[in-house]
Structure formats: structure tokens, C-alpha cells
Amino acid sequence: MHYWLQQLQQKRWEYSNTRGQRDSWSSPTLTYPLTGLVGKDNGRQVHTQIPLSSMEIVRSDFAMETEMDSGGMSGTQSARGIAAASTNPLNSLRNIGTELRNSMSYLRAGRGGENRRSVFYTGNNNAEEWELVDAPPKDFPEQKPPDTHRHSFGSAFTFDFVRNPSRPKRLLVRDMMGSWKLRSPESSPVEPNGSKALDMRFQGQQEELSQMQEERAKLREELAAQKVQFCSVQGAESLLQERDVQVQSLCGHMERLTLEKDSLQQELKSLKIKVGEINDKLGMLMETIEAKDEVIIKLSQSSEQGASVNDAGSNVPNKAQQEVDILKDSLQGYKSQNKFLNKEILELTELRRNAENREKALEAKYTALEAKLCQVECKYLVLLQEVKSPVCSSSEQTQDHEVISRLLEDALQAETSDHQDHHIFKPNTVSEYDLYGFKTVPEEEEEEEKLVAKVRALELKTLSMTDQEVSVGVKWENYLASTLNRDLVRSPELKALIRCGVPHEHRSRVWQWCVSFHVKKFRDNLAPDYYETLLNVARDKPNPASKQIELDLLRTLPNNKHYSSPSAGGIQKLRNILMAFSWRNPDIGYCQGLNRLVAVALLYLDQEDAFWSLVAIVEVFMPRDYYTKTLLGSQVDQRVFRDLMSEKLPRLHAHFEHYKVDFSLITFNWFLVVFVDSVVSDILFKIWDAFLFEGPKIIFRFALSLFKYKEEEFLKLQDSTTLFKYLRYFTRTILDSRKLMNIAFVDMNPFPMRQIQNRRAFHLEKVRLELTELEAIRQTFLRERETTQDRRSFVSDDEEDN
């Protein structure tokens, strides 16, 4: 055990030195992680707080003390006692406590007063003399404790004062004077005998006189010796002054040692706390072992008694044996119950898994059947349209015509609230309004147009049930679940998801975040109630744009139920936003097209966020003068789009040039209102998802993609009139949003925004020059007209008659 303890202590010292942590003998220091170039060399640092030689001395002293100490729990006896009880499973915990007490006892032994000599010794015996033992010479250099041995123990003095009782005591003057007075004639008795007594007194006085002379000589010698000693004392005073300087330095050293003592005491307290916790755990384990030992003893006794009873042929079972049997029966019962419950859990889990699989299979089957029903109904409508005018006799034709007309009316009838209660008897998968509030089958159109609209709605619903749309919804659910308690952050993952389209239930949150991201630089510098302030100004003061705004309100989205009547919920919000924006941006005021931008934003945003979405589109996304009276930016974008058409779709561009078809007459409105009323609603909102996230280049991407989608159909047309007619409505025939988005984001690459900006700057100068020339021509024409108007004279019939 001694060898094991020494090796453990040595490993601990080596570990502390290698790791560079604070040693128990050093002053308390804090370690911080190194950075920069220093951090790269962290593995090659050498800590020199304690010299290696002193560490070896400490380890050897520790080993010697553990052998010499015989008291408490830290000597060889305790080690032998632990070794004798090594069979106990708790010996490892006791050994840890013994090691900690050994370390603490060694620290106390090194710091205590019994192993360290004091500089001065004091005593109560005043008769004893003091002397300087091993006094150094006068030229002894002043010793200061070096920094490398600042942690050494004991005194730093090179001399010491001790008592020397063996030295003979010197006779002092007062002692000799006292003895002389005792021998004086005044104190001696007078004898009655005559001369004999006087002679004897005289002889005694002579003897005393000779003794006094001898003592005087001795006193002179002692006085000379004391003078010599006094000179040496003066030399000792200078030495004492030097020693005072040493004492001051040692006092500072003692202060530092006091600080170290405090830190060590704190460590000792923490270690005591840990030892207390370990002792508590040890006590608990001891109690547990004792309880187990008692149970084992009882069981062994009961087994022995049972064996003895069986040997004796006794039929009366022991009480302990009965308890054991009961416990065994209970244990067997618990095992059986546990197996049964585990089996039940496994069966329930399997049933739940099978139910989930059946539910998923039924959902997939239901979706497939609904999509098939939509396709069948589409074919049914087309077939009815084909057989509307059959070739037969007039009598048969009249009867068949009535039947077919009645069937057409039933097929074109949209699902309303009255019909929803009887959907089991008559399945109808198309409602009156779609998910966004747009009317699926227009009322004022012709019957053929209604049929086409119904077929288009059925095909859109079929496409929305595809597996790809479902997988996109699952991806969005997973992404938003990971960002549940924090805001969205621009990232490639979010960009890819938005390019796939945002699901209906998450579109409000995504749009609001996109708008807030783009207008943050505006809103941070404005008051929180900025929008309300603009509304108050719009209500109090007349605005030149208010008249045009009122005229366009009901013409914004007439086929949407939220804007179809003056009492609809979106009309007042639309009015407020347009009026507030006209006061924010007087240079634009109001431009036709802004109402449609706001109307689409209001479908998913509240009033204030829709206002800021309009600010983002007009003041952030689009170039300056895009919505002003001259529409300069819009004209520039049409020329940029024509260049991109010639680059990305050269065959189609050459086809339009050959038949002199100006497609900018159609695409101009695409750019101005971001495809509102130009594509089906499902594709429109997917375009807006990407537009609010990435900006204006999305308009160029999708404009090219629409032409790419129908490129072959355009190339088949060989007439300018047919081309222009197909150009007006071909976007409404595009229903597959997945195919269109794949063309926009894959086939159109590369598509850098820098290229669009360079082309905008190039065409902007050309358009400005053209507008300047047109303005000059207009001014010249106005002046000429005014001149000719002055020269013209009008003669009435009355004047001619006269």
C-alpha cells in the first residue's frame, strides 16, 4: 500500500506539472486559453513554477513521512490495517480518503511550528543569559530570499539566539560590594579580649585587602574585556541593522506566504467538503452492505436450519424458509407479469404501426381516386362539348339537344354551400371559389369559356394532389419545426424551399419575414406609428390621387370575392394603403398597377405589412421612375427583356421578328403588376413567393419561362394575327407549375443580376435620349399650332350674309 500510495502521489505531481495547472505549493494563479500564434504553441509550453529538484525532495519527504508517521489514518499501521481489510469492496473508497488525509497531514506538518525553528527563543527564567550562537562576520553579505525558493519552509536567518546554561556566571560589581559590606568592621562583633582579638582582626583585614586588590585587578581585566566586548557589540549593531533589512524582506515574504496559506485553506475547505461527500456516500454504501450482509446471514441461517430440519426429518418448515419461499413466488409472479406486459406492449405497438400504414395507404388511395375523378370529369365535359351538335334527324336532334344541354348545366354548376350537404350523392370536386378567393367559373362568360374554366380548375386540383406537392409540404414542415422559436435566416436551404413554392398555411409568415427583411433600413429610422400617421394625414387633407384611386378600387380584382363589391373586406384596406403611399411618395402618388400589387399582398398580409410590401416593390426592387408618369423604368425593362429573349430563346425571337409581332405589348403588363391577372392563381402565388425573396430578376426568369413553355406552339403558328391572338391568352393555358419552375430555375441558368443591371444602364441612356427628342418635337408642334391658330379666322354665316 505504501508503494501504491507513493506512485499515486508521484503521478499526481507529474500530471499537475504536465498540464500546467496550479500546484498546491505554488501561489494561486488563473489560466486562460491562449489565442493567435501563441495558441498554436500551447502544446510546447513549460511551466517552471516549481523546480524539478524541489519536486523530487517533496516526493522523498512525503515517502519518509508516510513511513515514520504512526498515528491516525495516515501511517504504516493504518496502511497495514487497510491492507488487512482489502477483501472489503469499500476499500477503494477508504483508500481515496486516506490519500487525501495523507496529503493534508503532510501539508500541515510542513507548515506547522514543530518542524520549523523560530528565530528567537524566549524564556521565563531571568537568571539565564542570552548569547549569539554562530554569529556571522561583519562582511557577511545581505541575503535576500530568491524567487525560485519562495515556497521553501523554515527560517531564512543565518544566526540564532539560544540559551547557554552551561556557561559560568560572571561576578557583577554589586555582588562584590555586597560581600565587602558583610565583612566590614561595623558589622562584625567586638570581642572583650584585648590585642589578640585586634591582631586577628587586622590579619583578617589584610587578607580582605589583598583579596580586594586581587578582585580590583580582576575587575580591571573584566572592564578591559567589557570594553573589547562593547566594541564588538557596536559591530554587532551594524550587523543588526543589516539584519533588520533582511527582516523587512522576510516580512514581505511572510505576507506572500500568508496569501498562499489562505488559498491553501480554501482548497482545504473544498477538499474537506468533497471528503465529507465521499464519507456520506461511504456511509450509505456501508449501510447498504450491512443490510445485504444481514439478509445474506439470515438466508444462510435459514438454509442451514432448513437443512438441519430436513436431516432430522422434521416436517415443520422454518419461518425464514417460508419467507424465502414467499419471496421466490412473488419474484416468479413479477417475472411472469413483466413478460405478459412486454408482450402486450409489443402487440399494441405492432397494431398501431399497422393502423398507421393502413391510414397512409387509404389516404394515398383517396388522393389517387380524387385525381382520377377530376380527370374523368374533364373528359366528360370535353365529350359533352363534342356531342353538343350531333348529326341526326331534326326530331331526334331536338330531344338529344335538350338532354345534352341539361347535362352541361349540371356539369358546369359549381359547388356552393347548398350543395355541400349532399356531396355524397353527387360528388363535385370544384367549388365556386378557389383557395385564394378567385372565382373558378366566371358567370358572365360564354358557355364555352365556362367549360374551359371548369376543365382548368379540375386539372389544377389534379396537379395539386401529386406526390411532389405533398413532399414539398413535408419539407416545409420539417424546416419550420427546426426554426420554431426564432426568426428565419437567409440561407441556401430556405432559397431552395421558396423556389419550390410556399404552402398556403405558411405563406403569411414567409411573406411577412421577406417584407420586413427588405424594408428594415426604412422602418428602423421611422416611428412605430408611421403608417397610422400617414392614414391620419390622408383623412384630413385632400389628395390629387384620391379620385383615380376611387375609380380603380372595384376594377382591381373583380373576379376575387374580397374585392368584388364596395362592401367587401379588402376594399377599405386597399383604399387606406394606396392613400397612405400617395402621401409617402408624392413623386409617384398613384399609378395604375399599384392597386393590383396591394390587392395580392393583402390576401396574405395585414394592412401595415401590405403597405410595406408596396414600399419594398416600388422603392427597393424596381428601378427609379418605374411607376412614374413617364414609366421610364418599365420601358427600359422591356428592352432588356427583348435582349434576353434573343439570347435565351433565339428561335422564338426570330419568329416574332419575322412576323413583326411586338410581344412587349403583352409583357409590359407582366412586369408592371408582376403577372397579376396573367397566369392562373396557383402559379401566380408561387411566382410571388420567389419574387418577394429574390427581387426583380424573378420577373425576367418567369417571363422567359412562359415563352419557353409554349415555344413549340408559337413556332407552329404562321400568321401574325394568330400569333398575337395566342399571345394574349396563352399564359392561362399553362397549368403545371412544377414544369414552369423547373424551366425558370434550371433551364434559364446562368442568370446573374449584374447582367440585368448592366443592360438597364445601357438602355436607360438610349430611352432618355429618345424621350428628350420626343419632348422637343412635341414642344415644336405646340408652338406651331399656336401660331397657326392665331392666323386662322372664323367667319360666321351671319357675317357672310351681311
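Residues numbered from 1 in each chain as written. Predicted model: local features only at pLDDT ≥ 70, side-chain atom pairs only at ≥ 80, totals over all residues. Heavy atoms only, no water.

## Some words on the overall build of the protein
- Broken down by element type, the protein carries 29 helices and two strands.
- Counting the 802 residues in the protein, one finds 32% classified as buried.
- Partitioning the intrachain contacts of the protein with sequence separation of at least 6 by distance along the chain shows that 74% fall at a separation of at least 24.
- For the protein, the exposed area adds up to about 52,300 Å²; of that, 54% sits on carbon and sulfur atoms. (Helix = DSSP H or I, 4+ residues; strand = E, 2+ residues; numbered from the N terminus. Buried < 20%, exposed > 50% of the residue type's maximum accessible area, 1.4 Å probe, protein only. Contact = heavy atoms within 4.5 Å. Areas by Shrake-Rupley, 256 points an atom, 1.4 Å probe, with all protein chains shown as cover.)

## Structural notes on the packing of helix 20 (residues 632-648) against helix 21 (residues 650-658)
- For the pair helix 20 and helix 21, the least separation of the axes is 5 Å and the interaxial angle reads 120°. Taken together, the axis directions place helix 20 and helix 21 in an arrangement best described as oblique. Across from R642, M645, S646, E647 and K648 in helix 20, the residues of helix 21 making contact are P650, L652, H653 and F656.
- Of the residues belonging to the contact of helix 20 with helix 21, the class tally is four nonpolar, two polar and three charged. (Axes fitted to C-alpha atoms, helices over the stretch in contact; angles between N-to-C directions. Parallel < 35°, antiparallel > 145°, perpendicular 65-115°, else oblique. Nonpolar A, V, L, I, M, F, W, Y, C, P; charged D, E, K, R; others polar.)

## A closer look at the pattern of salt bridges
- Within this structure, the stated rule accounts for 21 salt bridges.
- Of the charged contacts in the structure, one is a salt bridge between R507 and D689, with a shortest N-O distance of 3.0 Å. Within this pair, whereas R507 is found in helix 13 (residues 507-518), its partner D689 is found in helix 23 (residues 681-694), the two being separated by 182 residues in sequence. Summarising the burial analysis for this pair, R507 and D689 share the class buried.
- Ionic pairing is found between D524 and K520, a salt bridge with its closest N-O pair at 2.9 Å.
- Salt bridges linked by common partners bring R651, K708, E711 and E712 together as one network. (Salt bridge = Lys/Arg side-chain N within 4 Å of Asp/Glu carboxyl O.)

## Description of the side chain of D637
- Along the chain, D637 falls in helix 20.
- Residues within four places of D637 in sequence aside, it is in contact with Y626, F671, F700 and R760.

## Comments concerning the packing of aromatic side chains
- Counting across every chain of the model gives 32 aromatic pairs.
- Residues W513 and F693 carry aromatic rings whose centres are separated by 6.2 Å and whose planes lie at 25° to one another, so their mutual orientation is stacked. Placement of the pair is W513 in helix 13 and F693 in helix 23, with a sequence separation of 180 residues.
- Seen in terms of ring centroids, F656 and F714 are 5.5 Å apart; in terms of plane orientation they differ by 70°. Their pairing is edge-to-face. In this pair, F656 sits in helix 21 while F714 sits in helix 25 (residues 711-716), placing the two residues 58 residues apart along the sequence. (Phe/Tyr/Trp six-rings, centres within 6.5 Å; stacked < 30°, edge-to-face > 60°.)

## Quick notes on helix 21
- Buried residues of helix 21: L652, H653, H655 and F656, and no others. Along the axis of helix 21, the buried positions cluster into a sector of 160°, meaning they face one direction only.
- Each element contacted by the buried residues of helix 21 is listed here: helix 20, helix 24 (697-709), helix 25 and helix 26 (720-729).
- Once helix 21 finishes, K660 follows within two positions and takes phi at roughly 55°, a positive value. (Arc of directions from axis to C-beta.)

## Considering the nonpolar core
- Within the largest apolar cluster, 119 residues are counted, with the highest numbers of intra-cluster contacts made by L594, F611, Y627, F656, F675, W688 and F707.
- The residues contacting Y627, other than those within four sequence positions of it, are I588, C591, L594, L597, I617, V618, M622, F671 and L672. (Core = buried A, V, L, I, M, F, W, Y, C linked by side-chain atoms within 4.5 Å.)

## Some details on unusual backbone geometry
- In the segment running from N749 into P750, the intervening peptide bond is cis, with an omega of -5°.
- Within the secondary structure, P750 is located in the loop between helix 27 (737-747) and helix 28 (753-791).
- The phi dihedral of D625 falls on the positive side, at around 65°, and the residue is not glycine.
- Within the element layout of this structure, D625 appears in the loop between helix 19 (607-621) and helix 20.
- Accessibility expressed as a relative area gives 23% for D625, which makes it partly exposed.

Read these as geometric descriptors, not functional statements.
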